[in-house]
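In case you want the letters, here they are:
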Amino acid sequence: MSKTSVQRVIKRFDTKNTNTKKLKKSYQGRRKSLTERDERKLKRAIIQLREKSPNFTVMEVVQRSGISPTIATYRTFLRYVKRLGYGFFQSRKKGVLTKKDLKIHRKFARSMATKPQDYWTSDVSFYLDGVSFIYKSNPMSDVLKPKNRVWRKRGEGLLLTTKGSKELAGGKRLHLLVAMAHGHGVICAEPYVKMDGPYFARFIRRHFPILFDITSNNDNTKPKLFVMDNDPSQTSAVARKALKSIKASMQVIPARSPDLNPIENLFHIVRKKIEAEILQKNVIYQSWDEFVERVKFNIWSVSQEYVDKTIASMPRRIKDIVKHKGKRTKY
């Protein structure tokens with residue numbers, strides 16, 4: 001530092017010749033755009049919006065908080081939201097695989113690798129799973145929102161996912177039990193209100209004999225085997241008793257394994273088809289009945305060719321899981 005610079009710094013802090021109040025004020029910096037009360041409002045708004053949906057914009061947070069959007073720029077609001085600990089991070093649809101999960105995943109894949117190539121297309125009669133679609137009166141606004149990322153804290157884990165949870169709010173939901181089979185395409189799309197053991201037991205007795213008849217191709221020696229995830233209501237004692245009564249069995253797959261259940265790919269393509277239809281037709285309003293019909297139509301319109309191709313990829317999925325030591329694959 002030069003001599004002149006030292007003198008300039010000394011003069012700046014010479015309180016004898018400088019007004020103390022002016023000096024103090026000059027070092028306070030620029031006044032904050034948002035007060036502490038505004039920050040609390042933003043935090044409250046984020047919590048309220050997250051109860052409805054994990055996907056929203058920063059300006060929706062500002063609007064919900066009641067703060068005037070003219071008092072600061074978008075970048076300022078974004079900075080304050082990040083200061084609260086929230087970030088626009090990658091969404092998580094399934095649980096994070098722990099070391100134990102990886103071990104179970106790899107062990108299952110190794111055991112399935114010994115099965116014949118046609119096990120998944122011939123021995124397994126059908127694939128069954130539950131899915132939920134959220135009703136939005138203005139579906140266009142939801143489609144235009146950014147996808148695959150949600151506002152959450154970095155270390156929040158899976159308290160909030162894009163799939164949501166049974167308790168997650170966000171509007172009326174359409175719950176469906178969907179089944180698909182190789183060589184037949186989609187064979188069932190049954191709405192339900194609440195999934196529990198007694199309901200699934202009734203569903204088994206009412207629908208499974210028909211589904212097995214459809215997929216047996218008049219072959220009475222074919223085993224009554226189906227694939228479904230390990231939801232507690234579907235593996236309950238009452239559900240197992242119903243399966244035993246019709247002499248059927250379930251191929252158990254590990255938890256948090258969407259790449260081992262090809263019907264997850266069907267749900268993904270259905271959502272994409274619905275979004276494409278909304279964009280094409282510019283749907284800015286839909287009634288509940290129209291929403292239900294749109295979902296059912298897009299599920300039933302999935303081609304048999306796509307279903308067959310998805311199920312036929314199971315041997316490749318198994319090989320990839322073994323190759324990657326239990327980690328998730330591109331499927």
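Residues numbered from 1 in each chain as written. Predicted model: local features only at pLDDT ≥ 70, side-chain atom pairs only at ≥ 80, totals over all residues. Heavy atoms only, no water.

The name recorded for the protein chain in an unreviewed UniProt entry is Transposable element Tcb1 transposase, from Paramuricea clavata.

(A) Looking closely at the pattern of salt bridges. In total, this model carries three salt bridges according to the counting rule given. Ionic pairing is found between E39 and R83, a salt bridge with its closest N-O pair at 4.0 Å. Here E39, found in helix 3 (residues 36-52), pairs with R83, found in helix 5 (residues 74-83); they are 44 residues apart in sequence, far enough to count as distant. Residue E39 is classed as buried on the basis of its relative accessible area, which comes to 15%. Across the pair E277 and K281 runs a salt bridge, and its minimum N-O distance is 3.4 Å. Taken together, the residues E277 and K281, both in helix 11 (residues 263-281) and four residues apart, mark about one turn of the helix. Overall, the relative accessible area of 16% leaves E277 in the buried class. For K281, a relative accessible area of 55% corresponds to the exposed category. Taken together, the shared-partner salt bridges connect E277, K281 and R294 into one network. (Salt bridge = Lys/Arg side-chain N within 4 Å of Asp/Glu carboxyl O. Helix = DSSP H or I, 4+ residues; strand = E, 2+ residues; numbered from the N terminus. Buried < 20%, exposed > 50% of the residue type's maximum accessible area, 1.4 Å probe, protein only.)

(B) Quick peek at the sheet that holds strand 4 (residues 173-181). Reading across the sheet, the five strands line up as 5-4-2-6-7 and stay open at both edges, with mixed pairing between neighbours. One side of each edge strand has no neighbouring strand; the edge strands of this open sheet are strand 5 (185-192) and strand 7 (249-252). The mean inter-strand angle of the sheet, taken between neighbouring strand axes irrespective of direction, is 30°. Bridging between strand 2 (residues 126-134) and strand 6 (residues 225-228) involves two bridges; their strand directions are parallel. Across the sheet, the residue bridging to Y127 is V227, located in strand 6. On the sheet, helix 9 (residues 197-216) packs against strand 2, strand 4, strand 5 and strand 6 and is oriented at approximately 165° with respect to strand 5. (Pairing = 2+ DSSP bridges. Axes fitted to C-alpha atoms, helices over the stretch in contact; angles between N-to-C directions. Contact = heavy atoms within 4.5 Å.)

(C) Representation of the side chain of K222 in the model. Take K222: it is sitting in the loop between helix 9 and strand 6. Judged by relative accessible area, K222 falls into the buried class, the value being 19%. Only 3.1 Å separates the side chain of K222 from the backbone oxygen of S122, close enough to count as a polar contact. There is a polar contact of 3.0 Å between the side chain of K222 and the backbone oxygen of T215. If sequence neighbours within four positions are ignored, K222 has contacts with S122, D123, V124, S125, T215 and S216. (Polar contact = N/O pair within 3.5 Å; in protein donor to acceptor, adjacent residues only side chain to side chain.)

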